[in-house]
Amino acid sequence: MRYRGAGMKSFTFLLLLLAVVNVQPVQETSLFYPYGLDQKDQKNPKLDDGSSKKLSLSVPFTFYNKKYQTLYVNNNGVISFGSRVNQYTPDPFPLADGRSFVAPYWGDVDNVLGGDVFYRETTDPELLGLITKHINQYFPDTPFTATWAFVATWEHVAYYGSTSNKGNTFQAALTTNTEKSFIILNYKDIQWTTGAASGGDAETGLGGTPAHAGFNSGDETNYYNIPGSRTDAVINITKTSNVNVPGRWVFQVDKFKVTGVPTEMPKVADSNNCWL
């Protein structure tokens, strides 16, 4: 009995401590839509330059005026329509080979060395409600209610040849109402730009040919590069945006439209400015 009071105080302190500690992860992940095995996500195999199997979609997704009903989630930071993308060093857009894809962060990922790639197709009402809220906020003149989404997340993925513990965490959410389509790109933590086979430093993951973020229609004419792509500045993509939310880029992609994009990139590599 003499230890009961002390025990209760310790227990109360522990509860308060846990309450404080548990606040931080919510803040850190607020940019991202929920993902992981508890969301019934699938996970890509641990394979350098690997990808998911060919994934059939329950509804067509329109990208650059063309409807697609299958896609691949590629480990190297690409969601592609029609064919896998195993290439690890990014080429400049537009590509001349007809490949159609969105590149959240096209670089030489090696999930054998670290990290996971998750994905799921969903019609979860809570998630669709949140996505609808965001699209309506960013595109107030475009009526839209999401009826479908596909979420792919790269969690702390390593780069090829890495001798460090660096990892990148980013996400792509495709959404549609069967007429209009949008893609939301979220960047939480970017620590490297380049794998060793692309000329990058094995210890730092920097240098060489850096990662590419953008969209390639596949028609050799229409494409879009997020500012900083294939330059050292791409590592700052967590601080940039076209919707005034650092680390988030959003585009209407059925008939591709570029909105809110700056004409110049930040001059300083560690700038805290958000491109608007």
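Model, not experiment: these values are computed from the prediction. (Residues numbered from 1 in each chain as written. Predicted model: local features only at pLDDT ≥ 70, side-chain atom pairs only at ≥ 80, totals over all residues. Heavy atoms only, no water.)

(A) Local environment of unusual backbone geometry. Here Phe-93 and Pro-94 are connected by a cis peptide whose omega angle stands at 0°. Among the secondary structure elements, Pro-94 is positioned in the loop between β4 (78-81) and β5 (100-106). Phi at Asn-65 is positive, roughly 70°, even though this residue is not glycine. (Helix = DSSP H or I, 4+ residues; strand = E, 2+ residues; numbered from the N terminus.)

(B) Local environment of the pairing of β5. Along β5, seven of the seven residues are buried, which leaves the element largely enclosed by surrounding structure. Direction of pairing for β5 relative to strand β10 (residues 212-216): antiparallel, over a ladder of four bridges. Across the sheet, Ala-103 pairs through a bridge with Gly-214, a residue of β10. (Buried < 20%, exposed > 50% of the residue type's maximum accessible area, 1.4 Å probe, protein only. Pairing = 2+ DSSP bridges.)

(C) Expanded view of the packing of aromatic side chains. Taken as a whole, this structure holds 26 aromatic pairs when the rule is applied. Plain terms: the ring middles of Tyr-35 and Phe-118 are 5.7 Å apart, the flat faces sit at 55° to each other, and that makes the pair tilted. Taken as a pair, Tyr-35 in the loop between α2 (23-29) and β1 (42-43) and Phe-118 in strand β6 (residues 116-122) lie far apart in primary sequence, 83 residues in all. When the centroid spacing of 6.1 Å and the interplanar angle of 10° are considered together, the rings of Phe-61 and Phe-81 count as stacked. Of this pair, Phe-61 sits in strand β2 (residues 55-63) while Phe-81 is found in strand β4, placing the two residues 20 residues apart along the sequence. By the burial criterion, Phe-61 is buried, and Phe-81 matches it. In this structure an aromatic cluster arises from ring pairing among Phe-61, Phe-63, Tyr-64, Tyr-68, Phe-81, Trp-148, Phe-215, Tyr-224, Trp-249, Phe-251 and Phe-256. (Phe/Tyr/Trp six-rings, centres within 6.5 Å; stacked < 30°, edge-to-face > 60°.)

(D) Looking closely at the environment of Ala-233. Within the fold, Ala-233 resides in the loop between β11 (223-225) and β12 (248-252). Sequence separation of Ala-233 and Ala-211 is 22 residues, and the distance between their C-alpha atoms is 9.8 Å.

(E) A look at the pairing of β6. The buried fraction of β6 amounts to six of the seven residues, a majority that puts the element mostly inside the structure. In this sheet, β6 lies alongside β1 in antiparallel orientation, the contact comprising two bridges. Note that in β6 the partner of Lys-43 across the bridge is Phe-118. In terms of strand pairing, β6 meets strand β7 (residues 148-157) through seven bridges, oriented antiparallel. Note on β7: the bridge partner recorded for Glu-121 is Phe-150.

(F) The arrangement of the sheet that holds strand β3 (residues 66-74) in detail. Read across the sheet, six strands follow the order β2-β3-β4-β5-β10-β11 without closing on themselves; strand pairing throughout is antiparallel. Strands at the two margins of the open sheet, each flanked by one partner only, are β2 and β11. The mean angle between the axes of side-by-side strands here comes to 25°, regardless of whether they run parallel or antiparallel. As judged from the three bridges shared by β10 and β11, these two strands associate in the antiparallel manner. Directly across from Asn-216, in β11, lies its bridge partner Tyr-223. (Axes fitted to C-alpha atoms, helices over the stretch in contact; angles between N-to-C directions.)

(G) Structural detail: the sheet that holds β1. Strand order across the open sheet formed by six strands is β1-β6-β7-β8-β9-β12, with antiparallel pairing between neighbours. Two strands close off the open sheet at either side, each with one partner strand: β1 and β12.

(H) Just the confidence of the model for the protein chain, in detail. Of the residues in the protein chain, 84% reach a pLDDT of 70 or more, and the chain-wide mean stands at 87. Taken as a whole, residues 1-29 scores under 50 in pLDDT and shows two contacts with residues more than four places along the chain or in a different chain. Segment residues 263-276: pLDDT under 50, and 31 contacts once partners within four positions in sequence are set aside and those in other chains are kept. (pLDDT = per-residue confidence, 0-100. Contact = heavy atoms within 4.5 Å.)

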